[in-house]
Structure formats: C-alpha cells, structure tokens
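Coordinate analysis (summary)
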Amino acid sequence: MELIKLKDVRPKNPVLVQGVPGLGLVGKIAANYLIESLESEKIAAIYSDYLPLPDGSSGVRIEEEDIIPPSYDLYLAKGDNLDLIILTSEVQPTIFGQYEIGELVLDYAIQLGVKIVITMGGYVPGSPEVKGVFACSNDEEFMKKLNEVGVKPLTGGYVTGAAGLLVGLADLKGLTSACLLGTTNGAFPDPKASKMVLEALSKLFKFEIDLEKLEKEAEIAAEVMKEEVKLPETEIYKEEEKGLPYHG
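Below or above, wherever it landed, is the structure these notes cover. The model shown is predicted, which means the values in this text are computed figures rather than measured ones.

**Structural notes on the packing of aromatic side chains**
- One pass over the full model with this rule turns up three aromatic pairs.
- Between the aromatic rings of F142 and F205, the centroid separation amounts to 6.5 Å while the plane-to-plane angle is 35°, which identifies the pairing as tilted. Placement of the pair is F142 in helix α3 (residues 140-148) and F205 in helix α5 (residues 191-205), with a sequence separation of 63 residues.
- In this structure F205 comes out as buried when scored by relative accessible area, which is 8%.

Spelled out as structure tokens, the structure:
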C-alpha cells in the first residue's frame, strides 16, 4: 500500500470530502460532479492490493491504451473561504483493507491541515415517503449547522463501508466528522440523491456550484426508473423504526 503525492500543495482551511461507490452511487456521482464542476486538480493517489477492480478481481483497467491500476484518488478544489480535498475511486477497499486505507487517507489529510471530514453516500429509508438528506456526526455543534441547512439526523441503523468507517476513524483522530446521506431506492444510479447531498454541502460550506447538469441527469434517471417495476409496500416499509437499516 502506497500513497503517491503528485503535487505539493498548501490548501486553505481544507475539508476532506469523500464519495466512493455505494447505494445508488450517490457519493460517487456527487464526488465526480464536484471534481468536474470546481476545476479540481489531482494531488495524490493510493495504490494497494486492498483495492480490487469493480467486479472484485485483481487486475488493471485499459483506457485508450493506458494501463490503469485501481486507486484511491485525491483532488484539490480551491475556494474563496476554504479548499476541498475530494477523495474518490471506482471501488471501495476490500473489507479487511478498509481500516488501513482509511488511516492512510486521514494521516495525509491531517498533514494538509484538514480538521473536518465529510463522507457522502446513499440512504434507503424504510418508507418511500421519506426523502431528503440525513446525517450522523461526532460533533453536536456541527450537527446543528447541518440542521440549519435542512439536513436531518439519523437516529439508528448502520452506515456501512467507507462512508461509515472514515467518519469513525476521523473521530478517533480528533477530527470533526459527518456522513451526508441522500435518500435513494439504491437499485439504480441516483443523481437526484447526489444533487440533494451537494445542495446541502454547498450551503454548509458556502460555496457555489452549478447543479443544472446534474438536474438534467436526474430527470433522465427518473424516466428510466418509471419503466421499471415498482417494489411492493411491505411490512419493512411500514415498520421503519423497528429495524436497524443499513446506509452507505
């Protein structure tokens, strides 16, 4: 496992924002959109045998005759009041590699001056009537700020994978952390949920981002989903509070 620094940077009031594949690809879509919209530059990459190809096998991707091994990639997007360190990947680490890669990411982020860690992901609620952005945080005052921009608190369940683990590891390292989860059915890529998360994020940290393109993608995705068979309303929808849902 190795972190390769591609550029020496000194970000201003940096915030680490992570979005990797998960439910509805909510975090991944949001991270990609941030990188493209904010004219980010790649500053580091992590290579590891804990990072498989998207199908779980080992190997490399071929793109326009280039050989590209799986990686965790970090980008810097400069802003007026703060800079974003955006972490994304085509994959999540294997279960037994999550901790080591998470630790490596956070150690690098701390070197850059990061004090706040945000992860983005999807939330499949117990009822299709539940919509919006939900969050958990290790800081009560930070959660109040999230409430002020329309984010609702998660009251139970589990946040799985990198979206959950990184906020937990950040807490252990004394960083403020939160996980922002957009409601989704989880069955399809969901740019609408990603848009909700980015709207909350931009309000929270007071940066501007044009979400028009993402809105169009959401409209296309909605039309595709209309053609699919709707899931029946079962007891799991009606008794949301009795179970412990999984998010991420």
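**A closer look at the pattern of salt bridges**
- All chains considered together, the criterion is met by eleven salt bridges.
- Salt-bridge contacts for K7 lead to E41; the nearest nitrogen and oxygen are separated by 2.6 Å. Highlighted residues: K7 in the loop between β1 (2-5) and β2 (15-19) and E41 in strand β3 (residues 41-47), separated in sequence by 34 residues.
- Residue K195 is joined to E199 by a salt bridge in which the shortest nitrogen-to-oxygen separation is 2.6 Å. You can see K195 and its partner E199 sitting in helix α5, four residues apart, about one turn around the helix.
- Salt bridges sharing partners connect three or more residues here, namely E103, D107 and K173.

**Some points on helix α1 (residues 26-37)**
- Spanning twelve residues, α1 covers 16 Å between terminal C-alpha atoms, matching the ideal 16 Å at 1.5 Å per step.
- Within α1, nine of the twelve residues are buried, which leaves it mostly tucked inside the rest of the structure.
- Within α1, burial applies to V26, G27, K28, I29, A30, A31, Y33, L34 and I35.
- Positive backbone phi, at 55°, marks E39, one or two positions downstream of α1.

**Thoughts on unusual backbone geometry**
- Phi at E39 is positive, roughly 55°, even though this residue is not glycine.
- For E39, the location among the structural elements is in the loop between α1 and β3.
- Given the relative accessible area of 72%, E39 is considered exposed.
- The backbone phi angle of K206 is positive, close to 55°, even though this residue is not glycine.
- Relative to the helices and strands, K206 is located in the loop between α5 and α6 (212-226).

About the thresholds
Every chain begins its residue count from 1, and numbering advances along the sequence as written. The predicted origin of the model limits local features to residues at a pLDDT of at least 70 and limits the giving and counting of side-chain atom pairs to 80 or more, whereas totals for whole chains, interfaces and linings rest on all residues. In computing side-chain values, all of the structure's heavy atoms are included and hydrogens and water are not. The criterion for an aromatic pair is that two Phe, Tyr or Trp rings (for Trp, the six-membered ring) have centres within 6.5 Å, with stacked assigned to planes under 30 degrees apart, edge-to-face to planes over 60 apart and tilted to the rest. Secondary structure elements follow DSSP: runs of H or I no shorter than four residues count as helices, runs of E no shorter than two count as strands, and numbering proceeds from the N terminus. Burial status follows relative accessibility: with a 1.4 Å probe on protein chains alone, a residue under 20% of its type maximum counts as buried, one over 50% as exposed, and anything between as partly exposed. Salt bridges are identified by distance alone: a Lys or Arg side-chain nitrogen within 4 Å of an Asp or Glu carboxyl oxygen. A helix is expected to span 1.5 Å multiplied by its residue count minus one.

In short, the description is geometric, and any link to function would need to be established separately.
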